[in-house]
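What follows is the residue order along each chain.
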Amino acid sequence: MKLTDLKRGESARILKIGKIGELKKRLVDMGVTAGETIRLERNAPLGDPQEFIVKSTNIAIRKQDAQNIEVEKD
């Protein structure tokens, strides 16, 4: 499943990050790596971006980019 398929408050384990260019390096630097648990905290008022928590850090990811991250529900 894709990261964008998570509902608010749900957690999942990251399986792989697809081809999203330079953003992939930045996400990895922030802890978004295969095997890590990520939780959807909330959506922006218009639905984009989405706020996630990974390794006790809040990060915002655009839906367009989150589509390229494959996860598995815990």
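So, how was this worked out
Residues numbered from 1 in each chain as written. Predicted model: local features only at pLDDT ≥ 70, side-chain atom pairs only at ≥ 80, totals over all residues. Heavy atoms only, no water. Pairing = 2+ DSSP bridges. Helix = DSSP H or I, 4+ residues; strand = E, 2+ residues; numbered from the N terminus. Axes fitted to C-alpha atoms, helices over the stretch in contact; angles between N-to-C directions. Buried < 20%, exposed > 50% of the residue type's maximum accessible area, 1.4 Å probe, protein only. Contact = heavy atoms within 4.5 Å.

Student: Honestly, the sheet that holds strand β1 (residues 11-17) in this entry has me stumped. Any pointers?
Tutor: Sheet strands pair by backbone hydrogen bonding; their relative direction is either parallel or antiparallel. Spatially, 5 strands are ordered β4-β3-β2-β1-β5 in an open sheet, and the strand pairing comes out antiparallel. Of all the strands in the sheet, the pair left with one neighbour each is β4 (57-61) and β5 (69-73). Between one strand and the next, the sheet's axes are offset by a mean angle of 45 degrees, whatever the strand orientation. Pairing between β1 and strand β2 (residues 37-43): 3 bridges, direction antiparallel. When the sheet's bridge partners are listed, R13 is paired in β2 with T37.

Student: Please clarify how unusual backbone geometry should be interpreted in this entry.
Tutor: Only a minority of non-glycine residues have a phi that is not negative, and only a minority of peptide bonds are not trans. In this structure, K55 takes a positive phi of about 50 degrees despite not being glycine. Tracing the backbone shows K55 in the loop between β3 (50-54) and β4. Given the relative accessible area of 52%, K55 is considered exposed. The phi torsion at S56 lies on the positive side, around 60 degrees, for a residue other than glycine.

Student: Looking at this structure, how should I read the environment of K24?
Tutor: Examined against the element boundaries, K24 turns out to sit in helix α1 (residues 22-29). With a relative accessible area of 35%, K24 lands in the partly exposed category. Residues within four places of K24 in sequence aside, it is in contact with I17 and G18.

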